[in-house]
Structure formats: C-alpha cells, structure tokens
Amino acid sequence: MKLIETDVLVIGAGPAGSSAAKHAARGGADVLMIDRKSEIGSPKRCAEGVSKEGLKKLGIEPSPRWIAKELSNVRLVAPDGTDVKLNEETVKLPEAGYILERKVFDKHMAMDAAREGAKIMVKTLAKDLKREDDSLVVTAERMGETFQIKAKIVIGADGPESRIGRFAGLKTAAKPKNMESAAQFEMGGVELEDPNSLEFYFGSVAPGGYAWIFPKGEDIANVGLGVLATETDKSAYQHLMEFVENCPATRNAQAVELNVGGDPVGGMNKKLVTDNLLVVGDAAGHVNPLTGGGINTALEAGLYAGEVAAAAVKEGDFSKKRLEEYQKLCEENIGKSFDKYLKAKEYLLSLSDEELDEVAKAFQNVKLDNINTKELIKLLVKVSPKALVKLGKIF
Amino acid sequence: MKKISEWCMYCGECAGVCPRSLIEVHETDLIFNEENCKDCKLCIQVCPVHALIKEE
Ligand SMILES: Cc1cc2nc3c(=O)[nH]c(=O)nc-3n(C[C@H](O)[C@H](O)[C@H](O)COP(=O)(O)OP(=O)(O)OC[C@H]3O[C@@H](n4cnc5c(N)ncnc54)[C@H](O)[C@@H]3O)c2cc1C
Ligand code: SF4
Ligand code: SF4
C-alpha cells in the first residue's frame, strides 16, 4: 500500500483545520490537510455569522469576496412577538459583525494554508488510525484508492462527527442533550424589519434552542433553527417548516438552499490532546454554548493547535505532555468564557413561553445603554419571581 | 438494520452522537458497522431530517 509521510496531518478543512494547517506550516512543519468533500466549504452547515473583532484579532484581512453583509444590530423576539432591540454600542454581542459567504470563506482559508506551504487533498476520507512507534498511521481513501499517511502529529478537525479523536481514545462524542439538531433555508424575498439586524426567536418555536434570521442582503437571509432531540419528537426540519410558515418575515419568502447539521453546545471537551494527537474546532467542543457560534473559536483554537504542533515537531517531542500546552491555551482563552455562556443558556432554556414574553415586555421600558448586571437582575426579579429562583441556581 | 432514506444530507450529526463510533460518513454515503450496534437509537433521534429508519 502507498505510504505518504508528513510531520503534521490535519483531518478536515473547515475553519479549524485550515487555521491549524496554516499556522503549523508557518511554524516550519511539513503539513498535509485532507477533507472528504469534493468542494471545501460546501454544503455549508452554518448561519454564517462571525465576529468582526474576532477576525481582526487573528489577523484575517476581511475580503469582499467572502463577506455577504456587515451588520451591527440584534433583535430578540419573544414567543408573542414582543421584541427587544440591541445594537453594538449598547452591548457586546459575541457573534455579530459579518455575515459570511462560507462556501467562499472556507476555500479562502484553505488557500491561505496552502500559501504557507500546506499540501491539500480533497475528496480524501480518513477511515482509521493506528499507533506505530512514535507516530500515527491513518488509512485514507481517495477516488477508489486506499493508502496510508504516517504523521508525527495528527490534528483532528473533523467537525461535529469528531471520530478522529475517538480513534485515538479521546471522548469526543456528544450526548444528544448537548448536540443541537439544526435545519436552515437560505431564502430570497424575506420581508425584513431591519436588514441590518440579526434576529433571534426564542421559546417553543425551537425547543432546546432558538430560531434565527441572519440577513445576507436586503431581502436575502439564512433562516434556521436548532432544537434538542431530547426536547421534541419532531425533526428540526419540521420545526423549520412551521417557523417559516408562521413568521411574518418569511411567509412569502422562497428557499433556494436547505442546510442541516449538528452543533455541539455542551462546552469545551475536557481532554483535547493525547500522544501525537490534538482535536480542534467542533470536534473539541469549541462552540459558544449560548449562541452555537463556532467559527471564531475554531479559527482561534486552530492557531494554537498549529503553533504548538509546529513547535513540538521542531523539538521532536510529540508526547501528550508536550501537547498539553495547547490544552492550556484553549482553557484560558476559550474554555473559561464558555462557562458563563453555558449558565446563561441553561437559564434561557428554563423559561416558559409566558416567562419569556414577560421578560421581553419588561425590557421594553428600560434604556439599555446604562443597564448593569445588578439592575438587570432586579428587572428579572420584578418580571417573574419564578424566573428568579431559576436565576439563583445559576449565579 | 437501519434504512437510510433518500433525503439524507450526509451532515454527519448521527455519527457525532453514536456512542460506539460506528457510523462512517462519506460525501454521499453512510456506512454503519451494524455488527457492533447496540440499538440505542441515538442516531435516529438526532437526525435533523429524520432520515434514518429502523428496519427489523
Ligand atoms: C445550522 C448551523 C448554523 C450555524 N451557524 C453558525 C454561525 O452563524 N456562526 C458561527 O460562528 N457558527 C455557526 N455554526 C457552527 C459552525 O458552523 C461550526 O462551529 C464550524 O463550522 C466549525 O468548524 P470546524 O472546522 O471545526 O468544522 P467543520 O466546518 O464542520 O469542518 C469539518 C470538516 O471535516 C471534514 N471531515 C470530517 N470527517 C472527515 C474524515 N473522516 N476525513 C476527511 N475529512 C473529514 C468535513 O468534510 C468538513 O469539511 C452553525 C452550525 C450549524 C449546524
Ligand atoms: S444525521 Fe440524518 S441527514 Fe445527517 S447524515 Fe445522519 S442520517 Fe443523514
Ligand atoms: S443505534 Fe446507537 S449504537 Fe447503533 S449506530 Fe445508532 S447511535 Fe450507534
């Protein structure tokens, strides 16, 4: 059987994999990145919202080729239609900034990795992984040919499937209560109240999650929702059909694309490394548990993974102990912030439709520019003593 | 045995929750290692389009 040797093998060419490949190659390692898809970035599994700040922090220059829209407002909608409007000046919004064209963005990120020297193979599936001396050997399949890739370090960036880490003994499988089932239409003819506003709909429209409308143009938007299969017997797709039929903005809109997929929202995995292997992106739980957004964190974690892998290659030490530097970087810069989002999510999901309506109504009468946490809690208490009990458990 | 419906979109969510890691996702195919399947049905449950159907 044919054997390819490389320092670093990256499996999966999403944002996590491409970022890891780019930074590992920049650090001087021989890098090969494979993806089973025939077209990187397609089909998309994403509402395409990304933080402007986040991209800037990573030194990614925005390009008109992959930015569909820039927006700065947020509209939160309660089950009875009461809405709360926020903008960037009043609150820091984790996933607001750009709406991407991910099919272009993902390819662009992969090409960036190639520019740093990474090799890429598309339509190449990783099927298995075994340990051999101080390296890992992956069995891969491409266009009917089976071959092996021997790598000093494997970076598992295989998204919500997260099988690569499991091949090496990491517990990366998500429990159904931590895995959103998502379905989305990209639609034209959407009657948007404000095309510069991300819209979030809460309550029983999407049990265990929320519904969203992310505008990509004046009347174009990603319209989708995520549900927890543990909270509903209907499929995400059935919930989406109902939402689109009932929402005033989408009643007359037409779908041009259907996207489905899983989004792991249980927080960051406890273990991200083992000997010769690291996991990154969705495969590592690098997804904001409140919003389900994982692009920025995948790119950021990819940078840490790539840099640590390159340094380890230079030192000739691929042990778990050496790679734990990556684990620490992720814990400090990503995992910590997730804990508070996880709590906020638990609170939000604990509210009934009626409670959500009450909370939204109370917010109608306050000026949001000068609200602090204490006032916020006072407000929530006034709205619903029941909600307070739930809140008490969280804070 | 699980029947994969024609409308499966190969998103891989089923593979992500399978506690035994038995589902191999190809670009337009799913391969189940049914031999080791414990019939927990988690894969069927999470599918966003309910594309998996259990067959006796
Ligand atoms: C409906 C939906 C909406 C979302 N909306 C947003 C949003 O608005 N903003 C946001 O920030 N995030 C959003 N997310 C989450 C976001 O899409 C992910 O967090 C992000 O794509 C993670 O990147 P990744 O590189 O880890 O994985 P992915 O982008 O999933 O890439 C993994 C890659 O690995 C490949 N692969 C898998 N297994 C193998 C194998 N064995 N061999 C070879 N290749 C393999 C796959 O083909 C894929 O290309 C959304 C998710 C869903 C499902
Ligand atoms: S979760 Fe459903 S749509 Fe996605 S790959 Fe599995 S069976 Fe197909
Ligand atoms: S029924 Fe359970 S064990 Fe069998 S394939 Fe599905 S998730 Fe895996």
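Every value quoted in this text rests on a predicted model; they were computed, and no experiment measured them.

Rules behind the numbers
- Residues numbered from 1 in each chain as written.
- Chains lettered and ligands numbered in written order.
- Predicted model: local features only at pLDDT ≥ 70, side-chain atom pairs only at ≥ 80, totals over all residues.
- Heavy atoms only, no water.
- Helix = DSSP H or I, 4+ residues; strand = E, 2+ residues; numbered from the N terminus.
- Rg over C-alpha atoms; globule rule 2.2 N^0.38 Å.
- Buried < 20%, exposed > 50% of the residue type's maximum accessible area, 1.4 Å probe, protein only.
- Contact = heavy atoms within 4.5 Å.
- Areas by Shrake-Rupley, 256 points an atom, 1.4 Å probe, with all protein chains shown as cover.
- Near = heavy atom within 4 Å.
- Nonpolar A, V, L, I, M, F, W, Y, C, P; charged D, E, K, R; others polar.
- Buried area = accessible area lost by both parts, 1.4 Å probe.
- Salt bridge = Lys/Arg side-chain N within 4 Å of Asp/Glu carboxyl O.
- Polar contact = N/O pair within 3.5 Å; in protein donor to acceptor, adjacent residues only side chain to side chain.
- pLDDT = per-residue confidence, 0-100.
- Patch = residues over 30% accessible without salt bridge, like charges linked within 9 Å, V, L, I, M, F, W, Y side chains within 5 Å.
- Lys, Arg positive; Asp, Glu negative; His and termini not counted.
- Charge placed at Lys NZ, Arg CZ, Asp CG, Glu CD.
- Pairing = 2+ DSSP bridges.
- Axes fitted to C-alpha atoms, helices over the stretch in contact; angles between N-to-C directions.
- Expected span 1.5 Å × (residues − 1).

**Some thoughts on the overall build of chain A**
Reasoning step 1: Along its length, chain A carries 10 helices and 18 strands.
Reasoning step 2: Relative to the globule expectation of 21 Å for 395 residues, the C-alpha radius of gyration of chain A, 22 Å, shows essentially globular dimensions.
Reasoning step 3: The C-alpha extent of chain A, read off along each of the three principal axes, is 65 × 45 × 40 Å.
Reasoning step 4: Here chain A holds 395 residues, and the buried ones make up 58% of them.
Reasoning step 5: Residue pairs at least 24 apart in sequence account for 70% of intrachain contacts in chain A once pairs closer than 6 positions are excluded.
Reasoning step 6: Surface accessibility of chain A: about 17,100 Å² in total, with carbon and sulfur atoms responsible for 51%.

**A short note on the site of ligand 3**
Reasoning step 1: Around ligand 3, the surrounding shell consists of Lys 2, Cys 18, Pro 19, Arg 20, Phe 32, Cys 37, Lys 38, Asp 39, Cys 40, Lys 41 and Cys 43 of chain B.
Reasoning step 2: The residue inventory of the shell around ligand 3, partitioned by class, reads six nonpolar, no polar and five charged.

**What to know about the interface of chain B and chain A**
Reasoning step 1: Taken together, the contact pairs 23 residues of chain B with 32 residues of chain A.
Reasoning step 2: Where chain B abuts chain A, roughly 2,200 Å² becomes buried across the two surfaces, and 53% of that area is made up of carbon and sulfur atoms.
Reasoning step 3: Applying the counting rule to chain B against chain A returns two salt bridges.
Reasoning step 4: The shortest N-O distance in the salt bridge between Lys 127 of chain A and Glu 24 of chain B comes to 2.8 Å.
Reasoning step 5: Put simply, chain B and chain A have 16 residue pairs in polar contact (both at pLDDT 80 or more) between them.
Reasoning step 6: Grouping the constituent residues of the side of chain B that touches chain A by class yields 14 nonpolar, six polar and three charged.

**Re the site of ligand 2**
Reasoning step 1: The full set of residues close to ligand 2 is Cys 8, Met 9, Tyr 10, Cys 11, Gly 12, Glu 13, Cys 14, Leu 30, Cys 47, Pro 48, Val 49 and Leu 52 of chain B.
Reasoning step 2: In the shell around ligand 2, the residues fall into 10 nonpolar, one polar and one charged.

**A word on the confidence of the model for chain B**
Reasoning step 1: Confidence along chain B averages 96 in pLDDT terms, with 100% of residues attaining 70 or more.
Reasoning step 2: Interface predicted TM-score (ipTM) for the complex: 0.98; the corresponding pTM is 0.96.

**Structural notes on a negative patch on the surface**
Residues and elements named next belong to chain A.
Reasoning step 1: A cluster of acidic residues, Glu 132, Asp 133, Asp 134 and Asp 275, forms a negative patch at the surface.
Reasoning step 2: The topology assignment puts Asp 275 in the loop between strand S17 (273-274) and strand S18 (277-279).
Reasoning step 3: The partly exposed category is assigned to Asp 275, whose relative accessible area is 34%.

**Details of the sheet that holds strand S15 (residues 221-228) of chain A**
Residues and elements named next belong to chain A.
Reasoning step 1: Taking strand neighbours across the sheet as the criterion, the seven strands line up as S6-S5-S13-S14-S15-S12-S16 in an open arrangement whose pairing is mixed. Since the sheet does not close on itself, it has two edges, and those belong to strand S6 (83-87) and strand S16 (254-264), each with one partner. Strand-to-strand, the axes of this sheet are offset by a mean angle of 15°, without reference to chain direction.
Reasoning step 2: Alignment of strand S5 (residues 73-77) against S6, held across five bridges, turns out to be antiparallel. Following the sheet pairing, Arg 75 is matched in S6 by Lys 85.
Reasoning step 3: Contacts from helix H5 (residues 236-246) reach strand S12 (179-188), strand S13 (197-201), strand S14 (211-215), S15 and S16 within the one sheet, and its direction differs from that of S12 by about 40°.

**Description of the side chain of His 286 of chain A**
Reasoning step 1: Position of His 286 of chain A relative to the elements: it lies in the loop between S18 and helix H6 (295-315).
Reasoning step 2: Only 3.0 Å separates the side chain of His 286 of chain A from the backbone nitrogen of Gly 281 of chain A, close enough to count as a polar contact.

**Observations regarding helix H1 (residues 15-26) of chain A**
Residues and elements named next belong to chain A.
Reasoning step 1: In a regular helix each residue adds 1.5 Å, so 12 residues correspond to 16 Å; H1 covers 16 Å between its end C-alpha atoms and thus fits that length.
Reasoning step 2: Within H1, 11 of the 12 residues are buried, leaving the element largely enclosed by the surrounding structure.
Reasoning step 3: Among the residues trailing H1, Gly 28 stands out with phi positive, at a value near 105°.

**Some remarks on the sheet that holds strand S3 (residues 49-51) of chain A**
All names here are of chain A.
Reasoning step 1: Ordered in space as S3-S7-S4, the three strands form an open sheet in which the pairing is antiparallel. Single-partner strands in this sheet number two, and they are S3 and strand S4 (67-70). Taken over all neighbouring pairs, the strand axes of this sheet differ in orientation by 35° on average, direction set aside.
Reasoning step 2: With three bridges connecting them, S4 and strand S7 (residues 97-100) associate as antiparallel partners. Paired with Ile 67 across the bridge in S7 is Leu 100.

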